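# Structure at a glance
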2 protein chains.
Amino acid sequence: MKYLEDMVVGSEVHFGDYAVTREEVLEFARKYDPQPFHLSDEAAAKTHFGRMSASGWHTCAMTMSVLVSYLQRDPQAGLGSPGCDELRWKVPVYPGDTLHVYGKLVEVTPSRSKPNLGSVRTEMTVKNQHDQVVMSFTSIVLMLRRPAAA
Amino acid sequence: MKYLEDMVVGSEVHFGDYAVTREEVLEFARKYDPQPFHLSDEAAAKTHFGRMSASGWHTCAMTMSVLVSYLQRDPQAGLGSPGCDELRWKVPVYPGDTLHVYGKLVEVTPSRSKPNLGSVRTEMTVKNQHDQVVMSFTSIVLMLRRPAAA
């Protein structure tokens, strides 16, 4: 288990990858983001998307899936996230794309009021198979400090 | 159809509501955010969540669903979103909650380089049935300017 003290500012990690399928793009869009350019190539052809693209929130969800898989292999004493900053959808995500999820740890801050925890900021970058950055954001995660030896 | 010129800084809107079901919280969490506190009351009881809560990304998706339903009733010449700022998950969202989605338009900026469009910033607030703010963020949407009369 990794604790706040194990988080090294400047360290970079490849969290993993995600294959985007047409079925999944449609399923998410129908349920949560049924804008025409997320539902059909014909409608998307009339927009700057060009062809059917994934909802930006779906890209967030797929990225989260990659992160959780990583944390199952390499557990951290995380306490959940209060949010994220500067979320940007830069290039459309299309069915057939493969997402590659990277993070660079930029800040570790022990809590002033709670001696047993702190927060970690990570610059997240998601690229497609063409090495284009499709999404970026800064994640904030609360994390426990290492417990004193028993 | 509403265009950039129709967007009034300071205007506020209630976009709509969303009933959060246990089935949907589980379905989303299993697929995209299978952290224990999103999957069972027993695991969540050991954390500050207290009981099974929705993934923050699921709350984003449900909020988007409310926004798209609103835009289907009151169309805007939107061109998609480049992202959002200061996304914060403030209070857990639980099965059985009802989400109420509000927005306050805070900025309208004509594009300097593209004379036919601009961007709109909206402070989004999502409250639960207890009037607690569960999530907030600032959305950014690109929007067409009104075409010149033919």
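Right above here is the structure, for reference.
Residues numbered from 1 in each chain as written. Chains lettered and ligands numbered in written order. Predicted model: local features only at pLDDT ≥ 70, side-chain atom pairs only at ≥ 80, totals over all residues. Heavy atoms only, no water.

## Points about the overall build of chain A
Filter applied, for reference: Segments assigned H or I by DSSP are reported as helices when at least four residues long, segments assigned E as strands when at least two residues long, and all are numbered from the N terminus. Using a 1.4 Å probe on the protein chains alone, a residue whose accessible area is under 20% of its type maximum counts as buried, one over 50% counts as exposed, and one in between counts as partly exposed.
The helix and strand inventory of chain A stands at three helices and five strands. For chain A, the sequential pattern of α-helices and β-strands runs β-α-α-α-β-β-β-β. Dimensions of chain A, computed from the C-alpha atoms along their principal axes, are close to 65 × 25 × 25 Å. A buried classification covers 47% of the 150 residues belonging to chain A.

## Structural notes on the interface of chain B and chain A
Where interface size is given, it is often the accessible area lost as the parts come together that is meant. For clarity, the cut-off: Throughout, a contact is declared for two residues whenever any of their heavy atoms are within 4.5 Å. Buried area: the accessible surface (1.4 Å probe) lost by two parts on joining, summed over both. The rule for a salt bridge is simple: a side-chain nitrogen of Lys or Arg has to be within 4 Å of a carboxyl oxygen of Asp or Glu. Pairs of N or O atoms are called polar contacts if they sit within 3.5 Å, as long as, within protein, a hydrogen donor faces a hydrogen acceptor (for residues adjacent in sequence, only side-chain-to-side-chain pairs). In this count, Pro and Cys sit with the nonpolar residues alongside Ala, Val, Leu, Ile, Met, Phe, Trp and Tyr, while Asp, Glu, Lys and Arg are called charged and the others, Gly among them, polar. Two strands form a pair only when DSSP identifies at least two bridges running between them.
The interface is formed by 31 residues belonging to chain B together with 31 residues belonging to chain A. Buried surface at the junction of chain B and chain A, summed over both partners, amounts to about 2,700 Å²; 60% is from carbon and sulfur atoms. Inspection of the chain B/chain A interface yields two salt bridges. Across the salt bridge formed by Arg 88 of chain B and Asp 85 of chain A, the nearest N and O atoms sit 2.9 Å from each other. Taken together, chain B and chain A are joined by 14 residue pairs in polar contact (both at pLDDT 80 or more). Here the side of chain B that touches chain A takes nine residues from helix 3 (residues 56-73) of chain B, the largest share from any one element. Of the residues in the side of chain B that touches chain A, the class split is 17 nonpolar, seven polar and seven charged. Sheet topology places strand 2 (residues 83-89) of chain A next to strand 2 (residues 83-89) of chain B; four bridges connect them, and they run antiparallel. Paired with Cys 84 of chain A across the two strands is Leu 87 of chain B, which belongs to strand 2 of chain B.

## Describing the pattern of salt bridges
All names here are of chain A. For the structure shown, the criterion picks out 14 salt bridges over all chains. We note a salt bridge from Asp 6 to Arg 146, for which the minimum N-O separation is 2.6 Å. Of this pair, Asp 6 sits in the segment before strand 1 (12-19) while Arg 146 is found in the segment after strand 5 (133-144), placing the two residues 140 residues apart along the sequence. Its relative accessible area of 28% is what places Asp 6 among the partly exposed residues. Since its relative accessible area comes to 43%, Arg 146 is described here as partly exposed.

## Concerning the relation of the copies chain B and chain A
Under the convention used in this document: In superposing the copies, a least-squares fit is computed on C-alpha atoms, taking residues whose pLDDT is at least 70 in both.
Laying chain B over chain A is done by rotating through 180° and shifting 0.0 Å along the axis; what remains is an RMSD of 0.0 Å. Taken together, the rotation and translation relating the two chain copies correspond to the operation of a two-fold axis. No C-alpha of chain B approaches the rotation axis more nearly than that of Asp 85 of chain B, which lies at 2.7 Å. The overlap is high: 100% of the interface residues of chain B also sit at the interface in chain A, so the same surface is used on both sides.

## Some points on the sheet that holds strand 3 (residues 98-110) of chain A
Quick note on the threshold: Axes, fitted as lines to C-alpha atoms, cover a helix only where it is in contact. Angles between the N-to-C directions of the axes lie from 0 to 180 degrees.
Strand order across the open sheet formed by 10 strands is 1(A)-3(A)-4(A)-5(A)-2(A)-2(B)-5(B)-4(B)-3(B)-1(B), with antiparallel pairing between neighbours. Looking at the sheet topology across the chains shown, the edges are occupied by strand 1 of chain A together with strand 1 (12-19) of chain B. The sheet shows a mean angle of 20° between the axes of neighbouring strands, taken without regard to direction. The sheet contact formed by strand 2 of chain A and strand 5 of chain A spans five bridges and is antiparallel. By the bridge assignment for strand 5 of chain A, Trp 89 of chain A is matched with Met 135 of chain A. Contacts from helix 3 of chain B reach strand 2 and strand 5 of chain A together with strand 1, strand 2, strand 3 (98-110), strand 4 (117-127) and strand 5 (133-144) of chain B, with the element oriented near 120° to strand 1 of chain B.

## Here we look at the packing of helix 1 (residues 22-32) of chain B against helix 3 of chain B
Residues and elements named next belong to chain B. To keep things clear, this is the line we draw: Reported orientations rely on four angle classes, namely roughly parallel under 35 degrees, roughly antiparallel over 145, roughly perpendicular from 65 to 115, and oblique for the rest. The hand of a helix crossing depends on one turn: near helix anticlockwise from the far one by less than a right angle means left-handed, and clockwise means right-handed.
The interhelical angle for the contact between helix 1 and helix 3, taken along N-to-C directions, is 120°, at an axis separation of 10 Å. The pairing of helix 1 with helix 3 is recorded here as oblique in orientation. As for how helix 1 packs across helix 3, the hand of that crossing is right-handed. Of the residues in helix 3, those touching helix 1 at Glu 24, Val 25 and Phe 28 are Trp 57, His 58, Ala 61 and Met 62. Class assignment for the residues of the contact of helix 1 with helix 3 results in five nonpolar, one polar and one charged.

## Some words on the side chain of His 38 of chain A
Residues and elements named next belong to chain A. Tracing the sequence through the fold places His 38 in the loop between helix 1 (22-32) and helix 2 (41-45). Within the structure, the side chain of His 38 is placed 2.8 Å from the backbone oxygen of Ser 53, a separation counted as a polar contact. Discounting chain neighbours no more than four positions away, the residues touching His 38 are Val 25, Leu 26, Ala 29, Asp 33, Met 52, Ser 53, Ala 54 and Ser 55.

## Focus: helix 1 of chain A
If you check which residues of helix 1 of chain A are buried, you get Glu 24, Val 25, Leu 26, Phe 28, Ala 29 and Tyr 32 of chain A. Against strand 1 and helix 3 (56-73) of chain A together with strand 1, helix 1 and helix 3 of chain B lie the buried residues of helix 1 of chain A.

## What to know about the environment of Leu 87 of chain B
Tracing the sequence through the fold places Leu 87 of chain B in strand 2. Taking relative accessible area as the criterion, Leu 87 of chain B reaches 0% and is therefore assigned buried. Spatially, the C-alpha atoms of Leu 87 of chain B and Met 135 of chain B are 7.4 Å apart, while their sequence positions differ by 48 residues. In contact with Leu 87 of chain B, other than residues within four places in its own chain, are Trp 57, Pro 82, Gly 83 and Cys 84 of chain A together with Trp 57, Cys 60, Met 135, Ser 136 and Phe 137 of chain B.

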